[in-house]
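These are the residues of each chain, in order.
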2 protein chains.
Amino acid sequence: MSKITKLNLTRLKMESFGDYIRRLRVEKGLNQTELAAKIGLDSGGLSKVENGKKELKENKLLLLAKALKIDVADIKKQYLSEKFAEDCFKYKCPEAVFQLAEEKAKYYKSVNIKQSKLKF
Amino acid sequence: MSKITKLNLTRLKMESFGDYIRRLRVEKGLNQTELAAKIGLDSGGLSKVENGKKELKENKLLLLAKALKIDVADIKKQYLSEKFAEDCFKYKCPEAVFQLAEEKAKYYKSVNIKQSKLKF
DNA sequence: ATTTAACTTGGTAATTTTTGACAAATATAA
DNA sequence: TTATATTTGTCAAAAATTACCAAGTTAAAT
């Protein structure tokens, strides 16, 4: 990575998943209570989501996409990338993990993976 | 992706985390019972790991690296990449997630992330 | 075919983690 | 202030993970 890029990374705030949700919610003129209701959560729960204190499973993700009228693939990307990055950080894992993960994901998609084998 | 690459992906078996562990175990001339004992597992547990039926947390990962005399970073990479790929597949998430995840991971590393904020 | 060792699989109980709901505390705005 | 919005902590229920055990299968050898 170039020095410029590295500097930018250290200075520019990266939008977290919570920031992303909050931004879209505010753009839509909703408060936490209103949006939370649409996804079966109370305002406290949504607050925690927006502040990265977690909570949220896939069905909520889909409801959120619908409520905010955003692309499901996009919100999944935002959500999972955050989870992955946190895991990588937590485990102190080299970032090369992501390249390998992408290869594996493509491989899973290319073969018709047996659900039993992978238990999902 | 080129047709050649795609063909290769569909034909070549990609080594899973379980395959990786099994290969190293066999290379060292250990059976499941022996290796399992070194990481505080029974043979059934190790069998499940090798067959992708999961089990395994970080401390076992470190023990495994030690028992198999392999680089800790390497085993973490193998382990996490598999988890990430499975999640991506399960969520039907676009593979662009990995590029974003890598950016986020680099960002987390570049700022001195507050543990409280991210709760890890 | 029988024996033996290695491996796989399923069940289950114990533990840990995640979740949603509530309430209190804090902040923001009118 | 008063009202509204957000944050935070706690708690119990629900879900997921884990270790452990035992039964079942496979494979190799003789």
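Rules used in this analysis
Here the residue index of a chain counts from 1 through its sequence in written order. In the order they appear in the text, chains get letters beginning with A and ligands get numbers beginning with 1. Since the coordinates come from a predicted model, pLDDT governs what is reported: local features require at least 70, and pairs of side-chain atoms require 80 or more to be given and counted, while whole-chain, interface and lining totals use all residues. The side-chain values count all of the structure's non-hydrogen atoms but skip hydrogen atoms and water molecules. All copies are superposed by least squares; the fitting set is the C-alpha atoms of residues with a pLDDT of at least 70 in both. The contact rule is simple, with two residues in contact once any of their heavy atoms fall within 4.5 Å. When two parts are brought into contact, each loses some accessible area as probed by a 1.4 Å sphere; the total of that loss over both is the buried area. What makes a salt bridge here is a side-chain nitrogen of Lys or Arg within 4 Å of a carboxyl oxygen of Asp or Glu, nothing more. Definition of a polar contact: a pair of N or O atoms within 3.5 Å, with one able to donate and the other able to accept a hydrogen when the atoms are protein atoms, and with sequence-neighbouring residues admitted only if both atoms are side-chain atoms. Runs of E in the DSSP output that reach at least two residues are strands. Runs of H or I that reach at least four are helices, and both are numbered from the N terminus. Lys, Arg, Asp and Glu make up the charged group, whereas Ala, Val, Leu, Ile, Met, Phe, Trp, Tyr, Cys and Pro make up the nonpolar group; the residues left over, Gly among them, are polar. Helix span is expected to be 1.5 Å times the residue number reduced by one. Only protein chains enter the area calculation, which uses a 1.4 Å probe; residues under 20% of their type maximum are buried, those over 50% are exposed, and those in between are partly exposed. When the sulfur atoms of two cysteines come within 2.5 Å, that pair is taken as a disulfide. The arc under discussion is defined with respect to the helix axis, by the directions toward the C-beta atoms. Put simply, a residue is near a molecule or strand once any heavy atom of it comes within 4 Å of that molecule or strand.

> Describe in detail the relation of the copies chain A and chain B, supporting the description with residues and values.
Between chain A and chain B, the superposition needs a rotation of 180° and an axial shift of 0.0 Å, giving an RMSD of 0.1 Å. Here the transformation between the copies is reduced to the relation of a two-fold axis. Across chain A, the rotation axis passes nearest the C-alpha of phenylalanine 98 of chain A, at a separation of 2.8 Å. Same-surface contact between copies: 100% of interface residues of chain A are shared with the interface of chain B.

> Requested: an account of the interface of chain A and chain B, with residues and values cited.
Listed by partner, the interface residues are 57 residues for chain A and 58 residues for chain B. Roughly 5,500 Å² is buried in total at the junction of chain A and chain B, and carbon and sulfur atoms are behind 70% of that figure. With its nearest N and O atoms 2.7 Å apart, the salt bridge here joins lysine 104 of chain A to glutamate 82 of chain B. Remark: the boundary between chain A and chain B carries six residue pairs in polar contact (both at pLDDT 80 or more). At the level of secondary structure, the elements contributing two or more residues to the side of chain A that touches chain B comprise helix 1 (3–11), helix 5 (58–68), helix 6 (72–91), helix 7 (97–110) and helix 8 (115–118) of chain A. Element by element, the count of residues in the side of chain A that touches chain B is highest for helix 6 of chain A, at 17 residues. Split into classes, the residues belonging to the side of chain A that touches chain B amount to 28 nonpolar, eight polar and 21 charged.

> If you had to explain helix 6 (residues 72–91) of chain B to someone new, which residues and values would you point to?
For the α-helix, the turn length of 3.6 residues means that residues three or four positions removed from each other point alike. Along its 20 residues, helix 6 of chain B runs 28 Å from first to last C-alpha, staying within 8% of the 28 Å computed at 1.5 Å per residue. Just downstream of helix 6 of chain B lies lysine 92 of chain B, where phi reads positive at about 50°.

> Explain the pattern of salt bridges to me, and be specific about the residues and the numbers.
Inspection of the entire model under this criterion finds 18 salt bridges over all chains. As a salt-bridge pair, glutamate 15 of chain A and arginine 23 of chain A come within 2.6 Å of each other at their nearest N and O atoms. By relative accessible area, which is 35% here, arginine 23 of chain A ends up partly exposed. Across the salt bridge formed by glutamate 95 of chain A and lysine 109 of chain B, the nearest N and O atoms sit 3.2 Å from each other. Here the residue glutamate 95 of chain A occupies a position in the loop between helix 6 and helix 7, and lysine 109 of chain B occupies one in helix 7 (residues 97–110), the pair thus bridging two chains. Each of Glu15, Arg23 and Glu27 of chain A takes part in a single network of salt bridges with overlapping partners.

> With reference to specific residues and values, describe the state of the cysteines.
Residue and element names in this part refer to chain A. Under the defined criterion, the tally for this structure stands at zero disulfides over all chains. Lacking any disulfide linkage, cysteine 88 is separated from the closest cysteine sulfur, that of cysteine 93, by 4.9 Å. With relative accessibility at 3%, the residue cysteine 88 sits in the buried group.

> Quick one: what's the story with helix 5 of chain A, residue by residue and with numbers?
Taken as a whole, helix 5 of chain A has its buried residues at Lys60, Leu61, Leu64, Ala65, Ala67 and Leu68 of chain A. Seen from one end, helix 5 of chain A has its buried residues packed into an arc of 165°, which puts them on one side. Where helix 5 of chain A is buried, its residues touch helix 2 (17–27), helix 3 (32–38) and helix 6 of chain A together with helix 6 of chain B. Of the residues one or two after helix 5 of chain A, lysine 69 of chain A is the one with positive phi, at around 55°.

> Can you break down the protein's contact with DNA strand D residue by residue, with the values?
Residues in contact with DNA strand D amount to 17 residues; listed here are only the nearest, Gln32, Ser47, Lys48 and Lys53 of chain A together with Lys60 of chain B. A share of 54% of the atoms of DNA strand D within 4 Å of the protein falls on sugar and phosphate groups. Side-chain polar atom of asparagine 31 of chain A to a phosphate oxygen of DNA strand D: 3.1 Å apart, as the coordinates give it. Note that a phosphate oxygen of DNA strand D is positioned 3.2 Å from one of the side-chain N or O atoms of lysine 60 of chain B. When contributions to the surface near DNA strand D are tallied by element, the ones reaching two or more residues are helix 2 and helix 4 (43–50) of chain A. Of the residues in the surface near DNA strand D, the class split is two nonpolar, six polar and nine charged.

> Explain unusual backbone geometry to me, using residue names and the numbers behind them.
Despite not being glycine, lysine 69 of chain A has its phi angle at roughly 55°, a positive value. Position of lysine 69 of chain A relative to the elements: it lies in the loop between helix 5 and helix 6.

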